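Descriptive analysis of the structure
So the chains spell out like this:
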Amino acid sequence: MNIGIIGCGAIGSTLAKAAEEMKEVHEVYLFDKSHVCSRVLEEKFSKVKSILNFDELLEKSDFIIEAASQEAVKLFGERILKAKLDILIMSIGALVDDSLRESLEKVALENKCRIFLPTGALCGVDGLSSAAVEGITEVTLITTKPPSALEDAAYIKEKGIDLKNIEEPTIVFEGNAKEAVKLFPRNVNVAATVSLAGIGFEKTNVKIIADPDTNQNHHKIIAKGKFGTMSAEMNNVPFERNPKTSKIAAQSAIAAMKKIIGTYWVGA
Ligand SMILES: NC(=O)c1ccc[n+]([C@@H]2O[C@H](COP(=O)([O-])OP(=O)(O)OC[C@H]3O[C@@H](n4cnc5c(N)ncnc54)[C@H](O)[C@@H]3O)[C@@H](O)[C@H]2O)c1
């Protein structure tokens, strides 16, 4: 199988290395708006080829992984599905946009393609999806981050929250996932994943906590329903190549790729 990867930053380059080592993978095509990084990887790995033209990526790939940006999902998502290729989307936050999500779903159905969304920085998405089949009544995502990881959010400035002088874990936001992703764009992927696996953006509760005593990103999913209750939490170290991304997010992209194109799918 030939894999196409859009974006060769922290996640894309890690994926390229993992794909290089998979016996199921014949060639890995890398497409990035910065051609420098795809060329560097081409020189490093024998299966990797840098692609400058997006149409060529479509022609040569059997399956495409987006590991670039929400903009890339908007620009290329439909074109990939219209070319009858399945896609794995890392920038899941793009799917907060109802019209984009609905049009991708429509094109995927028309072209008999699938859209894969990895668990990313979370655990427990498997249990949440099973719970959501029937009678789930409540889902809450609690995200705890160091204050520095939240200071860019315009909401923090508007509310006059002084993150530099916080001395204990402090709730900076409580609301639904729809509001959370608008106000905290850097939390958008996890909130989108929980919403799409569970009961949607409007019904998913999100709590964001600034904790001065941590340097990790902590995500906890709590759900209740006919199935019983669940609680799943993850303490994530930042990825050395891009501290905005958790290390486990890149690993989840590799695990998803292995499930999709490998022989075994453990935990389907
Ligand atoms: N699902 C999750 O839980 C999760 C977790 C972490 C990151 N992400 C998302 O995955 C994506 C990649 O993350 P990363 O840490 O590798 O980012 P990164 O900034 O390290 O790399 C992104 C690369 O994509 C390229 N790129 C961006 N837009 C492009 C476009 N329109 N066309 C072609 N190339 C483009 C950039 O040039 C860059 O090389 C981001 O959108 C990030 O938000 C998702």
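The structure displayed is predicted, hence computed values, not measured ones.

Each assigned domain of the chain is listed with its residue range as follows: domain 1 (2-117 + 248-261) and domain 2 (125-236). Domain 1 and domain 2 are separated by 27 Å when their C-alpha centres are compared. Listed as interface residues are 11 residues of domain 1 and, on the opposing side, 10 residues of domain 2. Carbon and sulfur atoms supply 70% of the area buried between domain 1 and domain 2, which totals about 760 Å² over both sides. Considering only the side of domain 1, the residues that lose the most area to domain 2 are Ile92, Val96 and Ile248, jointly responsible for 55% of the buried surface there. Connecting domain 1 to domain 2 are 1 salt bridge. Between Lys178 and Asp98 there is a salt bridge, with the nearest N and O atoms lying 3.2 Å from each other. Where domain 1 packs against domain 2, one counts 3 residue pairs in polar contact (both at pLDDT 80 or more).

Under the definition given, this model contains 7 aromatic pairs. Ring plane angle 85° and centroid distance 5.8 Å describe the contact between Tyr155 and Phe173, whose orientation is recorded as edge-to-face. Of the two residues, Tyr155 is situated in helix H7 (residues 154-158) and Phe173 in strand S8 (residues 170-176); the sequence distance between them amounts to 18 residues. Of the residues examined, Phe173 reaches a relative accessible area of 3% and is grouped as buried. An aromatic cluster of at least three residues, connected via ring pairs, comprises Phe31, Phe54 and Phe76.

Below, the discussion takes up the nonpolar core. Of all hydrophobic cores here, the largest spans 60 residues; its most connected members are Ile6, Ile80, Leu128 and Phe184. In terms of residues, this core owes the most to one element, helix H9 (residues 188-197), which gives 6 residues. Counting contributing residues per domain, this core is built from domain 1 (2-117 + 248-261) and domain 2 (125-236), each supplying no fewer than three. For Ile6, the contacting residues outside a window of four places in its chain are Phe31, Phe54, Leu57, Ile64, Ile65, Glu66, Ala67, Ala68, Ala72, Phe76 and Ile80. Grouped together as the second largest cluster of nonpolar side chains are 30 residues, Ile11, Phe63, Ala67 and Phe116 included.

So, on to the sheet that holds strand S5 (residues 86-89). Ordered by their spatial adjacency, 6 strands build an open sheet running S3-S2-S1-S4-S5-S6, and the pairing between neighbours is parallel. Looking at strand neighbours, the two that pair on one side only are strand S3 (48-50) and strand S6 (115-116), the edges of this open sheet. Two elements, strand S1 (residues 2-6) and strand S2 (residues 27-31), share 5 bridges in a ladder whose sense is parallel. Considered in S2, the bridge of Ile3 is made with Val28.

Mapping Ala94 onto the fold places it in the loop between S5 and helix H5 (98-110). Note on Ala94: relative accessible area 1%, which makes it buried. Sequence separation of Ala94 and Gln70 is 24 residues, and the distance between their C-alpha atoms is 4.8 Å. Not counting chain neighbours up to four residues away, the residues in contact with Ala94 comprise Gln70, Val73 and Leu100.

Before going further, it helps to spend a moment on the site of the ligand. Around the ligand, the structure places 22 residues, and the nearest of them are Ile11, Asp32, Ser69, Ser91 and Thr245. Take Asn242: an N or O atom from its side chain is 3.0 Å from an oxygen atom of the ligand. With respect to the ligand, the side chain of Thr245 contributes an N or O atom lying 2.6 Å from an oxygen atom. For the ligand, the protein covers 81% of the area, taking 860 Å² as the surface of the free molecule. Mapped onto the shell around the ligand, the elements with two or more residues apiece are helix H1 (10-20), helix H4 (70-82) and strand S13 (242-246). In terms of residue count, the dominant contributor to the shell around the ligand is H4 (4 residues). Within the shell around the ligand, the residues separate by chemical class into 11 nonpolar, 8 polar and 3 charged.

Where strand S7 (residues 136-145) and strand S10 (residues 217-225) come together, 8 bridges link them in antiparallel fashion. Bridge pairing in S10 links Thr143 to His219. Sheet topology places S10 next to strand S11 (residues 228-236); 9 bridges connect them, and they run antiparallel. Its bridge partner being in S11, Lys220 is matched across the sheet by Glu233.

It is worth spelling out the sheet that holds S8 at this point. Pairing is mixed in the open sheet, where 5 strands are placed in the order S8-S9-S7-S10-S11. Strands with a single pairing partner mark the edges of an open sheet, and in this sheet they are S8 and S11. If you compare each strand with its neighbour and ignore which way they point, the axes differ by 15° on average. Most of the contacts of H9 go to S7, to which it runs at about 165°, and overall it touches S7, strand S9 (204-210) and S10.

So, how was this worked out
Residues numbered from 1 in each chain as written. Predicted model: local features only at pLDDT ≥ 70, side-chain atom pairs only at ≥ 80, totals over all residues. Heavy atoms only, no water. Domains from an automatic or database assignment. Contact = heavy atoms within 4.5 Å. Buried area = accessible area lost by both parts, 1.4 Å probe. Salt bridge = Lys/Arg side-chain N within 4 Å of Asp/Glu carboxyl O. Polar contact = N/O pair within 3.5 Å; in protein donor to acceptor, adjacent residues only side chain to side chain. Phe/Tyr/Trp six-rings, centres within 6.5 Å; stacked < 30°, edge-to-face > 60°. Helix = DSSP H or I, 4+ residues; strand = E, 2+ residues; numbered from the N terminus. Buried < 20%, exposed > 50% of the residue type's maximum accessible area, 1.4 Å probe, protein only. Core = buried A, V, L, I, M, F, W, Y, C linked by side-chain atoms within 4.5 Å. Pairing = 2+ DSSP bridges. Near = heavy atom within 4 Å. Areas by Shrake-Rupley, 256 points an atom, 1.4 Å probe, with all protein chains shown as cover. Nonpolar A, V, L, I, M, F, W, Y, C, P; charged D, E, K, R; others polar. Axes fitted to C-alpha atoms, helices over the stretch in contact; angles between N-to-C directions.

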